[in-house]
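# Chain and residue survey
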Amino acid sequence: TDRQKILNATNEKGKAAIHCAFEQNNPDIVRALVQSGADLTMLANDDDGSNPFHLAAQHDSAKCIQAVHHRGNDFENLSAVEHQKIQKALDAPNKTGFTPLMFTVKGGFIDSTMSLLQADANPNVQHVESGNTALHFAVERGDALVLKALIVFGGNIFIQNKEGKTPLDLALGATEGDPKGCIKILQEITDLTKKANDIYASAQKLPDIATDSVFLLCLDGGGVRGLLSLQILMAIRNRMKQIQPDCAPLHEHFDYIAGTSIGGLITL
């Protein structure tokens with residue numbers, strides 16, 4: 001249609017209005033363009049072949065990423081096709097092999113990194129040439145804070161790049177930022193993972209759902225520390241599915257669930 005042609009028309013640099021809005025970090029214009037039907041997966045016709053999320057990442061446009069994520073409704077309310085397109089754009093490499101998340105991590109942009117992770121960007125995508133994930137790039141910078149965020153949102157510390165090196169391997173040779181902080185985080189998780197595997201090996205069967213007892217799951221408060229509760233619940237759920245793919249949902253193993261503050265929200 002004429003409207004789509006206007007929305008997606010490119011300038012002499014090969015960029016459409018949606019690319020320019022992300023570059024200029026203007027969330028109001030981004031929101032208006034998206035609501036009008038601008039294509040968030042459109043690649044700029046330039047040397048890098050970047051989509052709007054790449055440009056947002058390079059210019060630390062956290063508010064623009066949030067404007068897409070909260071475009072008057074949430075991603076959850078998009079059609080399946082729209083959701084898949086946006087998800088693909090979030091994790092797509094440009095011509096240089098970098099995803100938007102890799103750009104924000106390399107730039108040390110914590111707000112934009114968090115915005116992408118909250119939009120469900122995948123921290124385990126590997127760079128086309130090096131095989132590095134966002135976690136590898138974080139430890140190269142010695143950025144312990146970003147490293148923690150990536151791990152909380154599902155970053156896998158055991159993925160090897162094309163040289164066979166894990167993030168811990170790179171952290172051991174890093175000189176920038178806070179390499180000791182990164183090493184401590186990665187070694188602690190490695191140790192905890194080994195302990196978890198030992199426990200898993202000794203517990204190969206799910207407990208039966210008892211009918212003659214009453215079980216209560218209680219979730220503490222603590223604001224952002226609720227992320228820890230969520231991670232524990234997710235780990236238990238994932239282990240249950242490993243043992244028995246068709247197992248009953250986690251909540252069916254409890255008669256009551258109670259929570260304080262953020263624990264109450266998790267309960268709901």
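Residues numbered from 1 in each chain as written. Predicted model: local features only at pLDDT ≥ 70, side-chain atom pairs only at ≥ 80, totals over all residues. Heavy atoms only, no water.

### Points about the overall build of the chain
Summing up its helical and strand segments, the chain has 14 helices and two strands in all. Projected onto its principal axes, the C-alpha positions of the chain cover 70 × 45 × 30 Å. Partitioning the contacts of the chain with sequence separation of at least 6, the portion at a separation of at least 24 is 67%. Accessible surface, the chain: about 15000 Å² in total, of which carbon and sulfur atoms supply 53%. Taken as two groups, the 24 positive and 31 negative side-chain charges of the chain have centres that lie 2 Å from each other. (Helix = DSSP H or I, 4+ residues; strand = E, 2+ residues; numbered from the N terminus. Contact = heavy atoms within 4.5 Å. Areas by Shrake-Rupley, 256 points an atom, 1.4 Å probe, with all protein chains shown as cover. Lys, Arg positive; Asp, Glu negative; His and termini not counted. Charge placed at Lys NZ, Arg CZ, Asp CG, Glu CD.)

### A word on the pairing of strand β2 (residues 256–259)
Examined bridge by bridge, strand β1 (residues 216–219) and β2 share four bridges and lie parallel to one another. Within β2, the position partnered with Leu219 by the bridge is Gly259. Considered for its hand, the β-α-β crossover made up of β1, helix α13 (residues 226–243) and β2 is right-handed. (Pairing = 2+ DSSP bridges. Right-handed = clockwise from strand over helix to strand, strands pointing away.)

### Description of the packing of helix α7 (residues 100–107) against helix α9 (residues 134–141)
Where α7 contacts α9, the two axes come as close as 8 Å, and the packing angle between them is 10°. When the axis of α7 is compared with that of α9, the two are roughly parallel. Together, Leu101, Met102, Val105, Lys106 and Gly107 of α7 and Ala134, Phe137, Ala138 and Arg141 of α9 make up the contact between the two elements. (Axes fitted to C-alpha atoms, helices over the stretch in contact; angles between N-to-C directions. Parallel < 35°, antiparallel > 145°, perpendicular 65-115°, else oblique.)

### Regarding the environment of Ala119
Relative to the helices and strands, Ala119 is located in the loop between α8 (110–118) and α9. For the pair Ala119 and Ile65, spaced 54 residues apart in sequence, the C-alpha to C-alpha distance is 8.2 Å.

### Quick word on the pattern of salt bridges
Overall, the coordinates contain five salt bridges when judged by the stated rule. Across the pair Lys165 and Glu163 runs a salt bridge whose closest N-O atoms are separated by 4.0 Å. For Lys194, the salt bridge goes to Asp198, with nearest N and O atoms at 3.6 Å. One end of the pair is Lys194 and the other is Asp198, both in helix α12 (residues 179–202) and four residues apart, which spans about a single turn. (Salt bridge = Lys/Arg side-chain N within 4 Å of Asp/Glu carboxyl O.)

### Focus: the confidence of the model for the chain
Do not read the fine detail of predicted coordinates wherever pLDDT is low. Averaged over all residues, the pLDDT of the chain is 88; the fraction at 70 or higher stands at 96%. Between the elements of the chain, mean pLDDT differs from a low of 81, seen in helix α1 (residues 2–7), to a high of 97, seen in α9. (pLDDT = per-residue confidence, 0-100.)

### Section: a nonpolar patch on the surface
Taken together, the side chains of Val224, Leu227, Leu230 and Met234 make up a nonpolar region of the molecular surface, amounting to roughly 330 Å² of accessible area. Relative to the elements of secondary structure, Val224 occurs in the loop between β1 and α13. (Patch = residues over 30% accessible without salt bridge, like charges linked within 9 Å, V, L, I, M, F, W, Y side chains within 5 Å.)

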